[in-house]
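Summary of the model geometry
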Amino acid sequence: MDNEGDFEYQSPPSFDRVVAEAKGFNPGLIVLLVVGGLLVAFLVGNYVLYMYAQKTLPPKKKKPISKKKMKRERLKQGVSAPGE
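Just so it is clear, the model here is predicted, and its values are computed rather than measured. Throughout, a residue's number is its position along its own chain's written sequence, starting from 1. Residue-level local features of this predicted model are given only where pLDDT is at least 70; pairs of side-chain atoms are given and counted only at 80 or more, and the full residue set underlies all totals for whole chains, interfaces and linings. Note: side-chain values were computed over all heavy atoms of the structure, leaving out hydrogens and water.

1. Details of the overall build of the protein
- Helix and strand labels come from DSSP, where a helix needs a run of H or I of at least four residues and a strand needs a run of E of at least two; each type is numbered from the N terminus. Helix and strand counts for the protein come out as 4 helices and 0 strands.
- When the helices and strands of the protein are listed from N to C terminus, the series reads α-α-α-α.
- Residue burial is assigned from relative accessible area. The probe radius is 1.4 Å, only protein chains are included, and a residue is buried under 20% of its type maximum, exposed over 50%, and partly exposed in between. Counting the 84 residues in the protein, one finds 1% classified as buried.
- Computed with a 1.4 Å probe, the accessible areas rest on the Shrake-Rupley method; for each residue, only the protein chains presented here act as cover. Of the roughly 8800 Å² of accessible surface on the protein, a fraction of 65% belongs to carbon and sulfur atoms.

2. A word on helix H3 (residues 27-56)
- Here the expected span of a helix is defined as 1.5 Å times the quantity of residues minus one. Along its 30 residues, H3 runs 43 Å from first to last C-alpha, staying within 8% of the 44 Å computed at 1.5 Å per residue.
- Burial of H3 is sparse: only 0 of the 30 residues sit out of reach of the surface.

3. Re a positive patch on the surface
- In this analysis, a patch consists of residues with relative accessible area above 30% that form no salt bridge, clustered at 9 Å for like charges and at 5 Å for the nonpolar side chains Val, Leu, Ile, Met, Phe, Trp and Tyr. Here, a salt bridge means any Lys or Arg side-chain nitrogen found within 4 Å of an Asp or Glu carboxyl oxygen. Counted charges follow a simple rule, with Lys and Arg positive, Asp and Glu negative, and His plus the chain ends left uncounted. Just so you know, the charge point we use is NZ for Lys, CZ for Arg, CG for Asp and CD for Glu. A grouping of Lys 63, Lys 68, Lys 69, Arg 72 and Lys 76 is seen on the molecular surface, where their side chains present a positively charged patch.
- Within the element layout of this structure, Lys 76 appears in helix H4 (residues 67-77).
- Owing to a relative accessible area of 63%, Lys 76 belongs among the exposed residues under this scheme.

4. Concerning a nonpolar patch on the surface
- Taken together, Val 40, Val 44, Tyr 47, Val 48, Tyr 50 and Met 51 make up a surface patch of nonpolar side chains, about 600 Å² in accessible area.
- Tracing the backbone shows Val 44 in helix H3.
- Judged by its relative accessible area of 49%, Val 44 is partly exposed.

5. Some points on the confidence of the model for the protein
- The pLDDT value expresses, per residue, how confident the predictor is, ranging between 0 and 100. Model confidence for the protein is summarised by a mean pLDDT of 79, while 67% of its residues fall at 70 or above.
- Mean pLDDT values for the elements of the protein range from 56 in helix H1 (residues 2-7) up to 96 in H3.

Given below as structure tokens:
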């Protein structure tokens, strides 16, 4: 029955494991922070490049309209195409 007296001062093994893991960093948290940091850096870099491109690149040129489409547009507006 002496064992009962000793049992009161011992903590269950699960609590010992929690205390041991509390020392140092959690590897899952480190991975999460690294991946999250890389994702944020990627998104911020893309935004910065987008803003830089908007300021420096010239506007896109429009595709040339075919003669057939030009004729059709003029007929819609009521202007006859030259030569008809």
